[in-house]
Every structure is written in structure tokens, then in C-alpha cells.
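Next come the chains, spelled out residue by residue.
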Amino acid sequence: MDVKTPTPQTTLLILLGASVWPLSSEFQSSQAFAKAAQGVKGYFLNPRLFGLPAKNLLDLFDADMSADNLDVAIGEFLQQRLKSMKAEGNSARDLLLYFIGHGGFVGRDSDFFLAIRRTREDNKRASGLQMLSLVDRLDEQANHLRRVIILDCCFAAAAYAAFQGGPAEVALAKTANMLKVNQKMRGSQQKEQRCSAPLAKDLRPDSYQMVVQPCSPELF
Amino acid sequence: MFTRAFLDALTQGTSSQKARLNLRDVKDVAWDFLSSIPDAPRPVVDSPDQSEGDVAEIPFFPNPGFEKERIRLAEKEQRRRLEEQFHYAEETQRRQLEEAEKRQQLGRGGASVVPPEKETDSFDLLSPQKAQGWGKIDTFLSKRRRVAWICFMLLSLTVGSVLPGFDRGFFSISNLGMSTPYLTIIGSVGATGVGLLFLFSKDKRPFLDILGGISLCGIAFTNFALSHYISYYRAYFNYDSYYNYHYASFYIFAFFIFFVLFSLWLFVGTRFVLRSANIVGGLLLGVLLIIGGIIRNYLGPLRFTQMREEEDDRTESPAKPTTEEALVCARWTNSHECG
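Residues numbered from 1 in each chain as written. Chains lettered and ligands numbered in written order. Predicted model: local features only at pLDDT ≥ 70, side-chain atom pairs only at ≥ 80, totals over all residues. Heavy atoms only, no water.

This brings us to the overall build of chain B. Each helix and strand in chain B was counted, giving 12 helices and five strands. Per-residue burial for chain B yields a buried fraction of 36% across its 339 residues. Here the analysis covers contacts within chain B between residues at least 6 apart in sequence; of these, 70% occur between residues at least 24 apart. Summed over all atoms, the accessible surface of chain B reaches about 20,800 Å², with 62% contributed by carbon and sulfur. (Helix = DSSP H or I, 4+ residues; strand = E, 2+ residues; numbered from the N terminus. Buried < 20%, exposed > 50% of the residue type's maximum accessible area, 1.4 Å probe, protein only. Contact = heavy atoms within 4.5 Å. Areas by Shrake-Rupley, 256 points an atom, 1.4 Å probe, with all protein chains shown as cover.)

Printed below as a string of C-alpha cells:
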């Protein structure tokens, strides 16, 4: 299968994260997060650098929205842009999801979540953006795209004590595990579908790329 | 911290020969930036699903360092060439000095050393596309520049000044009705002067090109407009005398010779003006030539001749003498055997 080089016109970028968490004292606020998000946005939109069309960017950084609303916004953006780009003759090929902020683990299974602006200290599972939920959304609507997830997460100090290997490794392992599980499930679904309908020839591989990075915001 | 290093990596790129960077390249460059910070966490790249290939290997981000590297290499290559040329010139000069010293020792003189003149011509730098058309002519003329100019001057002087004085048949030409073609003679001397100017000018100066070119164009056009070197009326209409018919063919021959000479002046003049003039200058020259052509057509000597024919009652015998003496003779004797 020939690999098509990514172009700005065929790439989508979703920017997530937060710089302040008014409902949670556990997460330290910092303007460094906002500056980082601004830098990412500037790089991708600069015509001399990446040159991404502004309409291909969904900026949800510091958005005052619940996890559910964020999920809806991402779904609508993907649906609308994928349709438009196909109509324009520039079918989307790549999706970048960039998260800047805090991450953490919740519950007995230590599920990995991303702390959004609306994340509450008393119920992080309900108010935070669950990685599994995000992966489901991407699998649902962008399974034919090459997906790159970049996580610039800062973990609470307590998380280091909870895990021997450090939170970054755990977050990476957990997210990767979620993706693999989803891949297997979708693979079996596709096999079932193949019995009834021919698979499109130009179907691209379902692939994920992920960078997980714990950071100290004050150093940015 | 990571995002800053990540963006630094993307905006600065690497000096590798890759036009685009994949995610692993970016991660490595970002780590280069981060590693200088104490206790900086190391970024991790993982591709959970590689069943259809590794996304981390796809060249995703443009590499700004590639263009910088390309420019740097090009500059390096240019410096190397310049140094080579410099060394070559030094070596040549050294050899010449050695040879001169040897000649001095052998008593054959030659104290001063004059390096052989190299034909440094801007046409050597022409691109392959420009080497067509004008470029080919330029290349040929620049290689044989001296010979070409000497031929041009000899041709101008011989055909324009010398030959018309010897034979009134093949090279018969008059200017403004005068039997002695002063304009053509002055023109040929002027063209020779321009030729000398170009021959001895070492540098190609735009001012010189335009001045010389306009002079040649002016000379050519004046001669085109004011010369009376053809009597084709005789050739077409005067069949009563074999002598006249035969004589008239000489005039036709003369027409072609001088037509070629004046065209050559016009061609060379236009070529030099257009070489150095800008678009406005070129257009101006073209407009002047067109206006001159119109004036020549309606007000030139041909028109005067036609008017004289119309005034002449002897239109049934359209043979026309071409000199003032012949005209006087024809009018006094009432015969077309004059001339």
C-alpha cells in the first residue's frame, strides 16, 4: 500500500487541555499551559511552518465545557470537516490530537483521564475526559485516518507514589492497552462486515501514534 | 517544557537531508533540547498498532533545517568554485612570470608580462533555454567577436563607400536625388566607427550598447528612407531597348545589395539596443521605426519620384533616369535614351 505524505490540507488538528482548574485544587494552574497551547496553535497555523488551514483546527483548550460537551464538539467537528474535505477533493488523511494540561488516574482500575477545565475534585471520573471515551470517539468517526495523539501531561505528585514505574509509563501503557482492545474489537466487527459488503480498496490502516510526556509547567 | 522543546524541534528542524521529519525524528530533536535541562523527563513514542505500518515513520512535519542545509551546501559549493578559479588564476600568472623570466634569461626580451586576454563574455553564463535563438547567435558572435566586427566594418566600408564609386551599374545608388550617395558613404563610415567602438571596448556597458545601437539604427533607417537605388520601372515597362532592359537589371541587383547592407546595420543596431535597453526602450525603438516607415512611405523619395512621374506628360514611357544629369538630358532631348 502506498503511503501518502501528510499535507496541511488533509490534516485535522484537535487541541485539548486547560491552564486553570477552578473546581479542583489538586491541579496546579499555570499560564505556561496556555502559552504552550498558543505556541502549538501558532506553529500549525503559520503558513511558513505547517500551514494548516484554520478551518481544520478545533481549539478546545481552556474551553468551559463538560466532558460530554467536549465529546459532542469533537464528534461534530470530525463529521463536518470530513464531509467538507471529501467534497473539496482533499479527503482527510491524518488526525492530530494534542493535549496540554494535567492527567491522572481514577478508580480501582486506575483509569487514565485528562483533566479539563470543568474537572471536579470530588468526581474526576465523571467530570474529567476519560481517555477510553476519547479513544471511542476517534474510533467511531476517524477510524480511517492516521491518528497521532500527543499528550503533554503533568501528573499530580501523588500519582508518582501510587505507581512504581511512574505515571507517564502507566498512562502510556494504559492508553496503548485501550487502543489495542479497541483495535481487536473493531477488527472482529470488520470481519463480520466483510461477509456482507466488500471492503473499500483505499481503506487506510487504523494506526495510532502517541507521545506521552510528563512535565513541570513552571519550566515552560 | 515538552511542548516548548517539541516546537523548537519543529521550527528549527535538523540539518539532515530529510525534507520532512517523522514523529521519531521530532522526538529525538526535542530530547536534544530537553536533555540540557536537569531532571528533564524523557519523551516516549509508542505505536500501539503497527499491523499496517508504523505511523511514527511517516514524514509528517516539514523540516526547516533542510532548506537551511541546502542553502549552506550551495554556498559552500560556490565558495569552492571561486577558490578553484582563484587558484587557477594564480597558477596561470605564476607560470607566465616563470616563462617571462626564462625569456629574459635567454635574452629574448619580454620584461612585461601581459596575460592572454580571455574573452569574458556574459553569454558564457547563459542558461540552456536562452542558448536558443538569439543565444546561439550571441554565442557564435561572442566566440568570433573580433573577426565578426572586422568583417562588419570591411563590408560596410566596401559596399557603402568604395564600390559605388567604381561601378555605376551594380552599385548605383543615389540619396535624395543626388548622384553621389553622401548619406550612404557617411553612413558606412559611421557604421565603421560604431564597429571600432565595440571592437575596442573591453566591457559591455549598457550606455555604449544603446548609443551604438541607436546610431546604427539611425544610419540604416536614414539610408532606407532617403536612398534611391532602384529603377524598377525600367525593368518592368521599358522593353524597347535591350540595352535599357539589361541596364535596369543592374539596378535591381543594386537594390538587393544595399537592402542587405542597410538591413545588416538595422539588425546589428536593434540587437545592441535591445540587449541593454529595458522594455520601454525597446518599445520606443519599435514605435520610432514604425513612424519612420510611415513617413518614408508617404513623404520619402519614392513618393517624390511618383509625383514627378505624374507631373511628367510622358507616362506612356515610364523609363526614368536616376540622376539629375540624366533627368536634365531627358527633358531637353525629349528622349528616354538618356542615362
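Another aspect to go through is helix H3 (residues 64–105) of chain B. Because an α-helix packs 3.6 residues into every turn, residues spaced three or four apart end up facing the same way. Counted at 1.5 Å a residue, the expected span for H3 of chain B with its 42 residues is 62 Å, and the 62 Å between its end C-alpha atoms agrees. Contacts made by the buried residues of H3 of chain B are with helix H1 (2–12) of chain B. (Expected span 1.5 Å × (residues − 1).)

Bringing the pattern of salt bridges into the picture now. Residue and element names in this part refer to chain B. Within this structure, the stated rule accounts for 20 salt bridges over all chains. Note that Glu77 is salt-bridged to Arg81, the shortest N-O span being 3.5 Å. Here Arg81 and Glu77 lie together in helix H3, a separation of four residues that amounts to about one turn. Overall, Glu77 belongs to the partly exposed group, its relative accessible area being 30%. A salt bridge links Arg94 to Glu91, with the shortest nitrogen-to-oxygen separation between them at 2.4 Å. (Salt bridge = Lys/Arg side-chain N within 4 Å of Asp/Glu carboxyl O.)

Residues and elements named next belong to chain A. On average, chain A scores 77 in pLDDT, and the residues at 70 or more come to 69%. Scored below 50 in pLDDT, residues 184–207 makes 26 contacts in the model with residues more than four places away or belonging to other chains. This model gives residues 212–220 a pLDDT under 50, and the stretch forms 40 contacts once residues within four places in sequence are excluded. (pLDDT = per-residue confidence, 0-100.)

On a regular strand, one side chain projects to one face of the sheet and the next to the other, so that they alternate. Residue and element names in this part refer to chain A. Among the seven residues of strand E1 (residues 11–17), seven are classified as buried, and the element is accordingly described as predominantly covered. Covered by surrounding structure in E1 are Thr11, Leu13, Leu15 and Gly17 together with Leu12, Ile14 and Leu16, the residues of both alternating faces. Pairing geometry for E1 and strand E3 (residues 94–106), over seven bridges, is parallel. Within E3, the residue paired with Gly17 across the bridge is Ile100. Regarding the hand of the β-α-β motif, the stretch spanning E1, helix H1 (residues 31–45) and strand E2 (residues 57–59) is right-handed. (Pairing = 2+ DSSP bridges. Right-handed = clockwise from strand over helix to strand, strands pointing away.)

Residue and element names in this part refer to chain A. Within the fold, Asp139 resides in helix H4 (residues 131–141). Using a relative accessible area of 8% as the deciding quantity, one classes Asp139 as buried. Separated by 2.8 Å, the side chains of Asp139 and Arg147 make a polar contact. (Polar contact = N/O pair within 3.5 Å; in protein donor to acceptor, adjacent residues only side chain to side chain.)

Another point: the packing of H1 of chain B against helix H2 (residues 23–34) of chain B. Residue and element names in this part refer to chain B. Remark: H1 packs on H2, axes separated minimally by 8 Å, with the N-to-C direction vectors making an angle of 120°. The handedness of the crossing between H1 and H2 comes out as right-handed. Of the residues in H2, those touching H1 at Phe2, Ala5, Phe6, Asp8, Ala9, Leu10 and Gln12 are Val26, Val29, Ala30, Phe33 and Leu34. Taken together, the residues of the contact of H1 with H2 break down into 10 nonpolar, one polar and one charged. (Axes fitted to C-alpha atoms, helices over the stretch in contact; angles between N-to-C directions. Left-handed = near helix turned anticlockwise from the far one by under 90°. Nonpolar A, V, L, I, M, F, W, Y, C, P; charged D, E, K, R; others polar.)

Before going further, it helps to examine unusual backbone geometry. All names here are of chain A. A positive phi angle is found at Asp62, which is not glycine, with a value near 60°. Following the sequence through the fold, Asp62 ends up in the loop between E2 and helix H2 (67–88). The exposure class assigned to Asp62 is partly exposed, which follows from its relative accessible area of 21%.

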